[in-house]
Amino acid sequence: MAEDIPSTGEFAAKILVEAASRALDAASTPAKNLLRRSIQAITDAYRPFLHRTYLRVKGIRTFLRPNESVDLLEHYVPVDLRSGAKNIELHDLFDGLVRGGRYVVSALAGSGKSVLMRYIALTFFHNPRGRVPLFFELRSLNVEGSDSILSAIHQYYKGNSSIEFADFERALRSGYFLLILDGFDEISPFKRSVHEREIITIAREFEKLPIIVSGRHDERFNSWEDFSHYSLNEMTLSQTRELIRKSNYDESVKDVFLDRLTEEFFETHRSFLENPLLAIM
């Protein structure tokens, strides 16, 4: 993975220019000029807030350090996904998103769904592959008088600029962005059905837009016909050991625990040790 992005200027060159080139190459000739103007306007307006999002997703709060952020890449242990009985490696998910796929990732509380979504955003910030990640926490929709999902995203990323929503829509249609929607289960139950319909409509209206949504297990996801539904795997013994090694516990305490963390011990306490949050606790 590349080094951290050191400046807003280099950030724009690395992320936005590459995505613009991919979107324009795929556009029909009559639409190129209009799309080029929209993407340039979006690039200028969104750049500072994309950079702010990058800085936000690269830091996470842990159970051991709830009041300060730690570097995600230094502490995260990637866990694969599954679809039925089939195992899905993360690089296959990334490839699918580059191709414009739509996915729902579900898991139990404490399994690392939100950290995975941040990891996906961070991976695309470092290696965009023609897609600009828009990371959005769905719980922000619970604020009284909140906008629709796309309006809320546009309002956040445009800042004080005068960029029009129509330019945002045009960029969405071109496949310029990757939409990362974290925490469907954190939407108020009173609003959940409304925003469910909205997500389904977004997927159907913006055919080139890759989308990934996270949430706790919910039967409603089975009816999302345009989305592939993946579950987050539980941690293996080796992944649990790696997570403990990367934790902020005292080294001597970690060594004692790791000595006890045999295969037999893991099997006996699997229900705790295969869950990242419970394993750290």
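Use the structure listed above.
Just so we're clear, the structure is a prediction, and the values are computed from it rather than from any experiment.

With that settled, the discussion passes to the environment of Glu205. Secondary-structure assignment places Glu205 in helix α8 (residues 189-205). A relative accessible area of 38% places Glu205 in the partly exposed class. Once residues within four sequence positions are removed from consideration, Glu205 is found in contact with Glu169 and Arg173.

Next up on the list: the pattern of salt bridges. This model, assessed by the stated rule, comprises 14 salt bridges. Note that Arg170 and Asp167 form a salt bridge whose closest N and O atoms lie 3.3 Å from each other. Of this pair, Arg170 and Asp167 are both found in helix α7 (residues 165-174), 3 residues apart, which corresponds to roughly one turn of the helix. Under the relative-accessibility criterion, Asp167 is labelled buried at 15%. A salt bridge links Asp218 to Arg220; the nearest nitrogen and oxygen atoms lie 3.1 Å apart. Among the charged side chains, a salt-bridge network with shared partners connects Arg56, Arg118, Glu137, Arg139 and Glu186.

On to the packing of helix α6 (residues 149-158) against α7. Axes are the key here: two packed helices are described by the angle between their axes and the distance separating the axes. One can describe the packing of α6 onto α7 by two numbers: an axis separation of 11 Å at closest approach and a directional angle of 110 degrees. Taken together, α6 and α7 sit at an angle that is classed as roughly perpendicular. Along this stretch, α6 crosses α7, giving a crossing that reads as right-handed. Between α6 and α7, the residues in contact are Leu150, Ser151, Ile153 and His154 and Phe165, Phe168 and Leu172, respectively. Looking at the contact of α6 with α7, its residues break down into 5 nonpolar, 2 polar and no charged.

Rules and cut-offs
- Residues numbered from 1 in each chain as written.
- Predicted model: local features only at pLDDT ≥ 70, side-chain atom pairs only at ≥ 80, totals over all residues.
- Heavy atoms only, no water.
- Helix = DSSP H or I, 4+ residues; strand = E, 2+ residues; numbered from the N terminus.
- Buried < 20%, exposed > 50% of the residue type's maximum accessible area, 1.4 Å probe, protein only.
- Contact = heavy atoms within 4.5 Å.
- Salt bridge = Lys/Arg side-chain N within 4 Å of Asp/Glu carboxyl O.
- Axes fitted to C-alpha atoms, helices over the stretch in contact; angles between N-to-C directions.
- Parallel < 35°, antiparallel > 145°, perpendicular 65-115°, else oblique.
- Left-handed = near helix turned anticlockwise from the far one by under 90°.
- Nonpolar A, V, L, I, M, F, W, Y, C, P; charged D, E, K, R; others polar.

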